[in-house]
Amino acid sequence: MANIDELRRIVKEIVDREDVKYVIGYEKGTYGFRVSPSFAFTPEDVEKFIFSPLCVHNLAVYPHLEEKLPLKRNEKEDTRKIGIIVKGCDSRAVAQIIQEKGLDREDVVLIGVPCTGVIDLKKINARCPHLMYGEVREENGNFIITAEGDTHRIPKEELLCDVCTQCENPNPILYDVLIGEEVESKKEDYQKVKTLEKKSLEEKWKYWEKKFDRCIRCYACRNGCPLCYCEECMVDNLSPQWVRRSVTISENTAWNIMRAYHLAGRCVGCGQCERACPMDIPLMELNKKLEKDVKELFDYQAGTEEEPVLAVFSPDDPEEFVL
Amino acid sequence: MEEMIIRKEKFHDLVERALKEYTVVAPVDNEGVVLFRRIATPSELTLEFSNTKIPAKSILFQQTETLFTFSQRESVTIDVPEDSEKVLLLGIRPCDAQSLAVLDHVFAGELEDPYVKKRENTVLIGLSCLAPEINCFCTSVGGSPFSAEYTDIQLTDIGENYYIEAKTDKGKKVLDGMSDLFRPATEEDTEKKKELEKKALDAMKRRMDTDDIVDRLENMFESSYWRKIALKCLGCAACTYACPTCHCFDMLDESAVARGARVRVWDSCMYPEYTRQASGYNPRPERMNRIRNRVYHKFNYYPKNWDIIACVGCGRCISVCPVNIDIIDVINRTCEAEP
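Residues numbered from 1 in each chain as written. Chains lettered and ligands numbered in written order. Predicted model: local features only at pLDDT ≥ 70, side-chain atom pairs only at ≥ 80, totals over all residues. Heavy atoms only, no water.

Quick look at the overall build of chain B
When you go through chain B residue by residue, the secondary structure sums to twelve helices and twelve strands. Relative to the globule expectation of 20 Å for 339 residues, the C-alpha radius of gyration of chain B, 22 Å, shows essentially globular dimensions. In terms of its C-alpha atoms, chain B occupies a principal-axis envelope of roughly 65 × 65 × 40 Å. Here chain B, with 339 residues, has 57% of them falling under the buried criterion. Contacts in chain B between residues far apart in sequence, at least 24 positions, make up 72% of those at least 6 positions apart. Just so you have it, chain B exposes about 15400 Å², and 48% of that area is on carbon and sulfur atoms. Treating the 45 positive side-chain charges of chain B as one cloud and the 55 negative ones as another, the clouds have centres 4 Å apart. (Helix = DSSP H or I, 4+ residues; strand = E, 2+ residues; numbered from the N terminus. Rg over C-alpha atoms; globule rule 2.2 N^0.38 Å. Buried < 20%, exposed > 50% of the residue type's maximum accessible area, 1.4 Å probe, protein only. Contact = heavy atoms within 4.5 Å. Areas by Shrake-Rupley, 256 points an atom, 1.4 Å probe, with all protein chains shown as cover. Lys, Arg positive; Asp, Glu negative; His and termini not counted. Charge placed at Lys NZ, Arg CZ, Asp CG, Glu CD.)

Laid out in structure tokens, this is it:
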């Protein structure tokens, strides 16, 4: 984990730069183990920045959320850069967006932080419920939780987000400045996907039906995703209406599967959609299946290569699926 | 008011009998996510939960509601669905019950909304809160974990028994002919209930400062405060769909060839499309405008119109927000904000 004093010092320097508008990082949240995204416009704002295993958000979502209103007469566009604190997966998201020409490399200043995995809030809340405020640090493979006077020591793997337990890119792959030592990467074995793949069609449907049935179509998955940045999302289009507004099992299924397909070869596996989902739908299981397919078919991993998978062709590409 | 005691193991008998007369909608555990669902047998329901993920408004003001269906062959026919179903809404928390009193102002106007009929035909069986969640703050907005103010029957889990209060005629009618299941409540039972109520009140950790909230907001519409809060907002609808008093909707036709339906679906003021006009102009172009509107609607416009805050303190919006936009914090810090 990055040293917080060093992080604040470096971020302050960046915020102070004339070509930087603001830097996005993390601050203490308002209750429990919550951490909140934080925007620093001045060096003083940086004082509240923190970095801990509770900093779960992929902040790469924010450049596209910036609202650009029509310019007034004689008003010039603010083209200053946005600084973003990025972990491994977050940096892959930025890299992927840049490949897709959704962002220019010059638009952002990336403050890279090697990541040893973030905590799944559902898991920690189940272990330490009803706390007004808690902090977490990492020590020798354990998370040390200090909350309301008590200290708990819990083995890391019991609290880590599922996607972090097998993260292949914990170190930022794209950055302007790197804070802290690089960490060792793990190996993804797709065990969960393989188990699901072995099920029959009926079993798979039974599995997903229960989950899509409770989808409320709040689109927190989409809005939280750094790679969901279409100017107009297909579900917002009323003419034609690709997916009906009715919240029924068939429309919910259409939405969730279409979104997963749209992210094939693009999803960086940060798990933000699943974390944002208020209805506990395991969306990463869909995304991981497509990630595995793309890896097997094209030996490709989103956000780590030169060009998007759908923009390149190799004569060796498998074509079994072409009839 | 009749105050009775039913042993927990007999509660399924009560539901079983009610099922003969009513459609019973109750909390059902769907892989750890508790939601209101229609039940066919008592064994499907659970009363061991903090609160349902989606509020009870979803039963009376459904996320997807067919207003009428239409078809065209030689001539056009329109069918309006008949709604005479008698519903027993079981296990509703005091905050959700209070939210229906808030929603009544919206839907009970001159035009007959499907909500009104449903409301008339629904009996509310409330369930007192023994253990408020971390983000619960109903006591700050006129509620209480044991409040039975807005229900027809109130249930309180007092250990091996449920304490039952049948408060309205509607409620008493449900329990008609079930007297063999109950015994009258003793002083000891009432004492136990009071003790649990005190414990629940003490467990309420968070407080929203709603003193003069209407006036406080009155002077800060143009404050940069809203822009700061909006910076981190993702613009999803989780807060509004999880809110028991949010009631925005959209109506549209969903048709295929010669038949279709006019449906009403929940909409969210957090979406830019919500206010975008046909010309392309949007009076609430930024997330800042939309967040501010949501807060003002609940804590300024609604109290001014109906003398009631349109927030019941369930804390769901706080818990579901992916980026920790916290309504308690937003309201409490309005005191420090520059106008």
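So, the nonpolar core
Residues and elements named next belong to chain B. Grouped together as the largest cluster of nonpolar side chains are 155 residues, with contacts concentrated most on W226 and F299. What W226 contacts, discounting residues up to four positions off in sequence, is L217, M220, F221, M288, R292, V295, Y296 and V330. Formed by 31 residues, the second largest nonpolar core is a distinct cluster that contains F11, L155, V174 and L175. (Core = buried A, V, L, I, M, F, W, Y, C linked by side-chain atoms within 4.5 Å.)

A few points about the pattern of salt bridges
One pass over the structure, following the stated rule, counts 56 salt bridges over all chains. For E197(A), the salt bridge goes to K292(A), with nearest N and O atoms at 2.9 Å. Here E197(A), found in helix α5 (residues 191-197), pairs with K292(A), found in helix α10 (residues 283-298); they are 95 residues apart in sequence, far enough to count as distant. Residue classification places K292(A) among the buried positions, given a relative accessible area of 6%. Where R7(B) meets E160(B), a salt bridge forms, and the shortest distance between an N and an O atom there is 4.0 Å. Of this pair, R7(B) sits in strand β1 (residues 2-7) while E160(B) is found in the loop between β8 (153-157) and β9 (161-166), placing the two residues 153 residues apart along the sequence. By relative accessible area, R7(B) is classed as partly exposed at 38%. (Salt bridge = Lys/Arg side-chain N within 4 Å of Asp/Glu carboxyl O.)

Considerations on the state of the cysteines
All names here are of chain A. For the coordinates displayed, the defined rule picks out zero disulfides over all chains. C89 carries a free sulfur, and the closest cysteine sulfur to it, the one in C270, is 5.4 Å from it. According to the relative accessible area criterion, C89 is buried, its value standing at 18%. (Disulfide = S-S within 2.5 Å.)

Description of the domain arrangement of chain B
Where the parts come together, the accessible area they lose is often given as the size of the interface. All names here are of chain B. Domain boundaries in chain B define domain 1 (3-61 + 83-203) and domain 2 (213-335). Relative placement of domain 1 and domain 2: their C-alpha centres are 27 Å apart. With 24 residues of domain 1 in contact, the opposing surface of domain 2 contributes 27 residues. Together domain 1 and domain 2 conceal approximately 2300 Å² of surface at their shared face, both sides included; 64% is due to carbon and sulfur atoms. Applying the counting criterion to the domain 1 and domain 2 interface returns two salt bridges. With a shortest N-O distance of 2.9 Å, D96 and R316 are connected by a salt bridge. Our count for the domain 1 to domain 2 interface comes out at 13 residue pairs in polar contact (both at pLDDT 80 or more). Going through the elements one at a time, α2 (57-60) and α3 (94-107) are the ones with two or more residues in the side of domain 1 that touches domain 2. When residues in the side of domain 1 that touches domain 2 are grouped by element, the largest group, nine residues, is from α3. (Domains from an automatic or database assignment. Buried area = accessible area lost by both parts, 1.4 Å probe. Polar contact = N/O pair within 3.5 Å; in protein donor to acceptor, adjacent residues only side chain to side chain.)

Considerations on the interface of chain A and chain B
Listed by partner, the interface residues are 42 residues for chain A and 46 residues for chain B. Buried area between chain A and chain B, both sides added, is near 3800 Å², and the carbon and sulfur share of it is 52%. In terms of surface lost to chain B, no three residues of chain A exceed Y31(A), E67(A) and H130(A), which account for 15% of the buried area on that side. Linking chain A to chain B there are seven salt bridges. Between E67(A) and R287(B) there is a salt bridge whose closest N-O contact spans 3.7 Å. Broken down by secondary-structure element, the contributors of at least two residues to the side of chain A that touches chain B are β2 (35-40), α6 (201-213) and α7 (220-224) of chain A.

A short note on the packing of α6(A) against helix α8 (residues 249-262) of chain A
Residue and element names in this part refer to chain A. Viewed as axis vectors pointing N to C, α6 and α8 meet at an angle of 100 degrees, and their least axial separation amounts to 9 Å. The orientation of α6 with respect to α8, classified from their angle, is roughly perpendicular. Between α6 and α8, the contacting residues are W205, E209, F212 and D213 on the first element and I249, N252, T253, N256 and I257 on the second. Taken together, the residues that form the contact of α6 with α8 break down as four nonpolar, three polar and two charged. (Axes fitted to C-alpha atoms, helices over the stretch in contact; angles between N-to-C directions. Parallel < 35°, antiparallel > 145°, perpendicular 65-115°, else oblique. Nonpolar A, V, L, I, M, F, W, Y, C, P; charged D, E, K, R; others polar.)

Quick notes on a nonpolar patch on the surface
Residues and elements named next belong to chain B. On the surface, a nonpolar cluster with roughly 300 Å² of combined accessible area is contributed by V76, I78 and V80. As for its placement among the helices and strands, I78 is situated in strand β5 (residues 76-79). We classify I78 as exposed; its relative accessible area is 52%. (Patch = residues over 30% accessible without salt bridge, like charges linked within 9 Å, V, L, I, M, F, W, Y side chains within 5 Å.)

So, the sheet that holds strand β12 (residues 259-266) of chain B
Residues and elements named next belong to chain B. Strand order in this open sheet of four strands is β5-β4-β12-β11, and the pairing throughout is antiparallel. Edge positions in the sheet fall to β5 and β11 (249-256), since each has one partner strand and no second. Strand-to-strand twist in this sheet, taken as the mean axis angle between neighbours without regard to direction, amounts to 20 degrees. Here strand β4 (residues 64-72) runs beside β12; their pairing, made up of seven bridges, is antiparallel. Its bridge partner being in β12, T69 is matched across the sheet by A261. (Pairing = 2+ DSSP bridges.)

Let's talk about the domain arrangement of chain A
Residues and elements named next belong to chain A. What the domain assignment reports for chain A is domain 1 (4-178) and domain 2 (191-311). With 23 residues of domain 1 at the interface, the matching set in domain 2 holds 30 residues. Across the domain 1 to domain 2 interface the summed buried area is about 2100 Å²; carbon plus sulfur atoms make up 49%. When residues of domain 1 are sorted by the area they lose upon contact with domain 2, R92, Q99 and V163 head the list and together hold 29% of the total. As a salt-bridge pair, K295 and E168 come within 3.1 Å of each other at their nearest N and O atoms. By residue number, the principal contributor to the side of domain 1 that touches domain 2 is helix α2 (residues 88-99), which donates seven residues. When the residues that make up the side of domain 1 that touches domain 2 are grouped by side-chain class, the tally is eleven nonpolar, seven polar and five charged.

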